[in-house]
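The lines below spell out each chain.
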Amino acid sequence: MIEKIKLEDLKKENILAFGEIYQGKLHPSSLEILTPLKEIAEKLDKSLILVCLADSLESIHDLESLKKSLADEVWFIFHSKLRDFKDDLYARVFIEIIKSTNPYGVFFPATLIGVSIAPRIAGVLNLGLCAHVNALEIENNQIIMARPTYGENIIAKLTSKTIPVMATISIGAFSPKTSEKTPVFKEVIFPENFSWESALKVRSFRSSKKKPSRLSTAKVVVAGGRGLKNKENFQKLFELAEILKAEVGATRPVCYEGWVEEERMIGVSGVTVKPKVYIGFGISGALQHTAGMENSEFIIAINTDKEAPLVKMAHLSLIGDAKKILDLLLKKLKR
Amino acid sequence: MEKIIVCIKGVPKPGTVKVDPETHTLKRESMELILNPNDRPALEMAIRLKEKYGAEITVISMGPSNIIPLLKQAYALGIDQMILLSDRAFAGADTLATSYVLARAIEKLSPFSIVLMGLKSIDGETAQVPSETAGLLGLPSLINIKELKKEDDKWIAIRENEYGEEEIEVESSLLASVSPQAFDYLRPPSLKRLIEVKEKEPLIWTASDIQAEPEKLGLKGSPTQVVDVFEKKLEMKGTILEGEPQELVEKFIEVLKEKEIIKI
């Protein structure tokens, strides 16, 4: 049984996290973001609340993982109109909760859905919103967020002048943790006059045909950058990946060059990986990329430049032409 | 006739970015600007809608006058009107302050039926401006759409997300960001229009033209602030091997065996 509670009776001034539920499935990144948020909440002496919007309790497949989550409370908002994800309605539900509970912080995983509603809320309420942060800390009772800046190997620390502090958090930047203490589940009852209407109507859904990439959980990652020179060379990484039972990753520039689809991008605005072995071919190691792979257990870099940041980070570096070494390696392994 | 608005952004050409070592801000003046590659599909979608339904396309962009060539590029592709949102007061804007200026300009252009943007810029990469602008305007928004068409009075969009594709019906006007993968083919500029645009200049709107409240603009109107920057110092920690590729690959294979990635 879940306790039912009126919107206006909810606990105030918490840290809220968006629990993304799509067709009954909880997106794993919603549990990931609770890891840094729990620390933040404890330091600020606030409760951490996961807010889930869904059709009904029965429609949620992952109640077990919610029960083990780090949240102090899980607030559910159930309504048949919340069955499909509708940007405007989901944002309005959140805005009601924000208005009624004055949270200190509101955080979203940087999924497409998170990036759909967080800015809508920020726009409606005129709030600051930081994008794709990958570290959070407390300084002088204030939430400080960090993310690499564009174009240089420098990390920027950001704050937001408006309360609640809002940010989207990079996917895979944190590992989900479990707690012994079961969160309190509450079903939030919205006022009678709240309108559940939306300007959007989802007519149909077609599940994606391509297999989702298992990059973020891969044990071995072979990644390529500009040093591979062209798309043809880059494609050879797929042969290597098959032999090594690995997943292929890429840097931002090569994704934009169209050598490989963007969902294979490793880094701040892409996927974060933590494999046992990461192999980078022709990757110099811009912070944008390394922020997404620096926690790999064993890093191998193949690069012509001995001074490249990735070479400095690597446990083993082979100084040489990435394409030549890849070709030779494939030849030997295929034998 | 339908009116379509497309918002575009000038981004530094990859490789030409210079950073002020003191302030850690981008030196925008010395950068070579290009049209954000992710805005190309938004322009393509607008032009295809124009061809199909007959529409007038207005392109707007916020920035200094070095954006004008990019507006002209959009004109050469087939848009009708160019507007540059330019004012010193706009400088230093975060996504909220940027969205505010765009929202004011879009409002001034109403009535319109569709506002399109790219999914995200390749410099900031926040993907926030489309939904944030829609939030300010109180307009329905969809991000990452692949298709857009009309059915009677309704817009039908195909939106792609992490799970698959949704077909979504929208009854009113709409703001959408377009998937970078929406089209296999992006039209080249037309020669005729390239010549034509030489004689044309964009309209320039300042803060007062869009009746913007000064405290919501630029750095002052930006709630998010950079409080500190730091460099990540890297120390050499591993083994570096140099030599003939042949030798390197042999060592490579040994390590892969040690790590039990390959068995032989």
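Every value quoted in this text rests on a predicted model; they were computed, and no experiment measured them. (Residues numbered from 1 in each chain as written. Chains lettered and ligands numbered in written order. Predicted model: local features only at pLDDT ≥ 70, side-chain atom pairs only at ≥ 80, totals over all residues. Heavy atoms only, no water.)

Moving on, we come to the overall build of chain B. The helix and strand inventory of chain B stands at 6 helices and 13 strands. Taken over 264 residues, chain B has a buried fraction of 54%. Taking contacts inside chain B between residues at least 6 apart in sequence as the whole, the part at least 24 apart equals 71%. Counting 34 positive and 44 negative side-chain charges, chain B places the averaged centre of each group 3 Å from the other. (Helix = DSSP H or I, 4+ residues; strand = E, 2+ residues; numbered from the N terminus. Buried < 20%, exposed > 50% of the residue type's maximum accessible area, 1.4 Å probe, protein only. Contact = heavy atoms within 4.5 Å. Lys, Arg positive; Asp, Glu negative; His and termini not counted. Charge placed at Lys NZ, Arg CZ, Asp CG, Glu CD.)

This brings us to the side chain of A:S29. Looking at where A:S29 falls in the secondary structure, it is placed in helix 1 (residues 28-32). Apart from residues lying up to four places away in sequence, A:S29 is in contact with A:P109, A:T111 and A:I171.

Turning our eyes to something else, we now look at the pattern of salt bridges. Residue and element names in this part refer to chain B. Counted under the stated rule, the structure contains 39 salt bridges over all chains. Across the pair E201 and K72 runs a salt bridge whose closest N-O atoms are separated by 3.1 Å. Remark: K72 occurs in helix 2 (residues 68-77) and E201 occurs in the loop between helix 5 (191-197) and strand 11 (203-205); sequence separation between them is 129 residues. Judged by its relative accessible area of 56%, E201 is exposed. (Salt bridge = Lys/Arg side-chain N within 4 Å of Asp/Glu carboxyl O.)

Looking now at a nonpolar patch on the surface. A cluster of nonpolar residues, B:L191, B:L194 and B:I195, forms a patch on the protein surface that exposes about 310 Å² of accessible area. Structurally, B:I195 can be placed in helix 5. (Patch = residues over 30% accessible without salt bridge, like charges linked within 9 Å, V, L, I, M, F, W, Y side chains within 5 Å. Areas by Shrake-Rupley, 256 points an atom, 1.4 Å probe, with all protein chains shown as cover.)

As a further point, take the interface of chain B and chain A. Interfaces are frequently sized by the accessible area removed from exposure as the parts join. With 83 residues of chain B at the contact, the number on the chain A side is 83 residues. Overall, the association of chain B and chain A removes approximately 7,300 Å² of surface from exposure, summing both partners, and the carbon and sulfur fraction of that is 60%. At the junction of chain B with chain A, the criterion picks out 10 salt bridges. Across the salt bridge formed by B:E165 and A:R206, the nearest N and O atoms sit 2.7 Å from each other. Viewed at the interface, chain A and chain B are joined by 30 residue pairs in polar contact (both at pLDDT 80 or more). Broken down by element, the residue count for the side of chain B that touches chain A peaks at 9 residues, all from helix 6 (residues 245-258) of chain B. Of the residues in the side of chain B that touches chain A, the class split is 38 nonpolar, 22 polar and 23 charged. The pairing of strand 14 (residues 200-207) of chain A with strand 9 (residues 164-170) of chain B spans 7 bridges and is antiparallel. What sits directly across from A:S207, in strand 9 of chain B, is B:G164. (Buried area = accessible area lost by both parts, 1.4 Å probe. Polar contact = N/O pair within 3.5 Å; in protein donor to acceptor, adjacent residues only side chain to side chain. Nonpolar A, V, L, I, M, F, W, Y, C, P; charged D, E, K, R; others polar. Pairing = 2+ DSSP bridges.)

To continue, consider the packing of aromatic side chains. A complete count under the given rule lists 14 aromatic pairs over all chains for this structure. Ring centres 4.1 Å apart and planes at 10° place the aromatic pair A:Y22 and B:Y163 in the stacked group. Here the residue A:Y22 occupies a position in strand 3 (residues 21-22), and B:Y163 occupies one in the loop between strand 8 (154-160) and strand 9, the pair thus bridging two chains. Under the relative-accessibility criterion, A:Y22 is labelled buried at 5%. (Phe/Tyr/Trp six-rings, centres within 6.5 Å; stacked < 30°, edge-to-face > 60°.)

Right, let's talk about the packing of helix 6 (residues 231-244) of chain A against helix 10 (residues 322-334) of chain A for a bit. All names here are of chain A. Remark: helix 6 packs on helix 10, axes separated minimally by 10 Å, with the N-to-C direction vectors making an angle of 35°. Crossing geometry of helix 6 relative to helix 10 is assigned as left-handed. Across from N233, K236, L237, E239, L240, I243 and L244 in helix 6, the residues of helix 10 making contact are K323, L326, D327, L329, L330, L333 and K334. The residue inventory of the contact of helix 6 with helix 10, partitioned by class, reads 8 nonpolar, 1 polar and 5 charged. (Axes fitted to C-alpha atoms, helices over the stretch in contact; angles between N-to-C directions. Left-handed = near helix turned anticlockwise from the far one by under 90°.)

Here the focus is unusual backbone geometry. With an omega dihedral of 0°, the bond running from A:I163 to A:P164 counts as a cis peptide bond. Relative to the elements of secondary structure, A:P164 occurs in the loop between strand 11 (154-160) and strand 12 (165-169). In this model, B:S110 is joined to B:P111 through a cis peptide bond whose omega is 5°. Within the element layout of this structure, B:P111 appears in the loop between helix 3 (95-108) and strand 6 (114-118). The backbone phi angle of A:Q23 is positive, close to 50°, even though this residue is not glycine.

The next point concerns the sheet that holds strand 9 (residues 135-139) of chain A. Taken in spatial order, the 4 strands line up as 9(A)-10(A)-11(A)-12(B) in an open sheet, and their pairing is antiparallel. Here the strands that pair on one side only, and so sit at the sheet edges, are strand 9 of chain A together with strand 12 (224-231) of chain B. Across the sheet, the axes of successive neighbouring strands diverge by a mean angle of 30°, strand direction being ignored. Strand direction decides the pairing type here: strand 10 (residues 142-148) of chain A and strand 11 of chain A, joined by 4 bridges, are antiparallel. Looking at strand 11 of chain A, one finds that A:R147 is bridged to A:A156. Sheet contacts for helix 2 (residues 34-44) of chain A: strand 9 and strand 10 of chain A; angle to strand 9 of chain A, the most-contacted strand, approximately 5°.

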